Amino acid sequence: MEKIPMLFAEISYEECFDDDKKAKRECIVVQGNIEVKLKAGEQLPDFISPGKAKFLGKEVYDRFHLYVDRNEMRMERDVIMVLPDRRTQIKLYKGDKLLILPVEGYVKTLIAGVGNRVRKSDSFAAVTTKKGEVHYLKPPKDGTVVYIDEFSSRPHYLYYLLPEE
């Protein structure tokens, strides 16, 4: 079974900490270039100023699409995705524009996974038609795969790609 990334989305101080400055849930606190990961029950360090810091609470990974404006394809909140190796992070900021690439067809094979960098010349998925023809899907821009959404009601996938400048 493939491990899935952890998702942390921007929340308020009150959603992350109680009156005693103890974390209510797993949070990442970011202040300038300092990043502190706290588990539930851990104390907020004294060197962190609640007024200057940004708080990100752990979310269910499958809720990523809720933080993307589907009309403008922009992030609505700051998000940190911690990949399964637990060392690699993808940071997305409010206002970042994403490419949403659909994968639909008879048989789908996903080639690129979350965290993979894809170039215009790289295939990120393959689709086999009912006639047995294989079509390779390529992105319109270079970028990094940040999320793959699967729809079970009508089996197909949506790739969320953070394009490179």
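Predicted, not measured: the structure shown is a model, and the values here were computed from it.

Asker: Hey, could you run me through the sheet that holds strand 12 (residues 125-128) in this one?
Answerer: The strands making up a sheet are joined through hydrogen bonds of the backbone, oriented either antiparallel or parallel. Pairing in this open sheet of three strands is antiparallel, and the strands run 10-12-13 from one edge to the other. In the strand order of this sheet, the two ends are held by strand 10 (107-110) and strand 13 (134-137), each with one partner. Neighbouring strand axes in the sheet, compared pairwise and without regard to direction, differ in orientation by 20 degrees on average. Bridging between strand 12 and strand 13 involves four bridges; their strand directions are antiparallel. Along strand 13, the bridge assignment pairs Ala-126 with Tyr-136.

Asker: Mind showing me how you'd approach the state of the cysteines here?
Answerer: Two cysteines whose sulfur atoms are joined by a covalent bond form what is called a disulfide. All chains considered together, the criterion is met by one disulfide. In this model Cys-16 forms its disulfide with Cys-27; the gap between the sulfur atoms is 1.9 Å. Of this pair, Cys-16 sits in helix 1 (residues 13-16) while Cys-27 sits in strand 2 (residues 27-31), placing them 11 residues apart in sequence. We classify Cys-27 as buried; its relative accessible area is 0%.

Asker: Got a minute to help me understand the environment of Arg-86 in this structure?
Answerer: With respect to the helices, strands and loops of the structure, Arg-86 is situated in the loop between strand 7 (79-82) and strand 8 (89-92). Spatially, the C-alpha atom of Arg-86 lies 27 Å from that of Phe-151, the residues being 65 residues apart in sequence. Here Arg-86 is in contact with Ile-4, Pro-5 and Met-6, once residues within four sequence places are set aside.

About the criteria used
- Residues numbered from 1 in each chain as written.
- Predicted model: local features only at pLDDT ≥ 70, side-chain atom pairs only at ≥ 80, totals over all residues.
- Heavy atoms only, no water.
- Pairing = 2+ DSSP bridges.
- Helix = DSSP H or I, 4+ residues; strand = E, 2+ residues; numbered from the N terminus.
- Axes fitted to C-alpha atoms, helices over the stretch in contact; angles between N-to-C directions.
- Disulfide = S-S within 2.5 Å.
- Buried < 20%, exposed > 50% of the residue type's maximum accessible area, 1.4 Å probe, protein only.
- Contact = heavy atoms within 4.5 Å.

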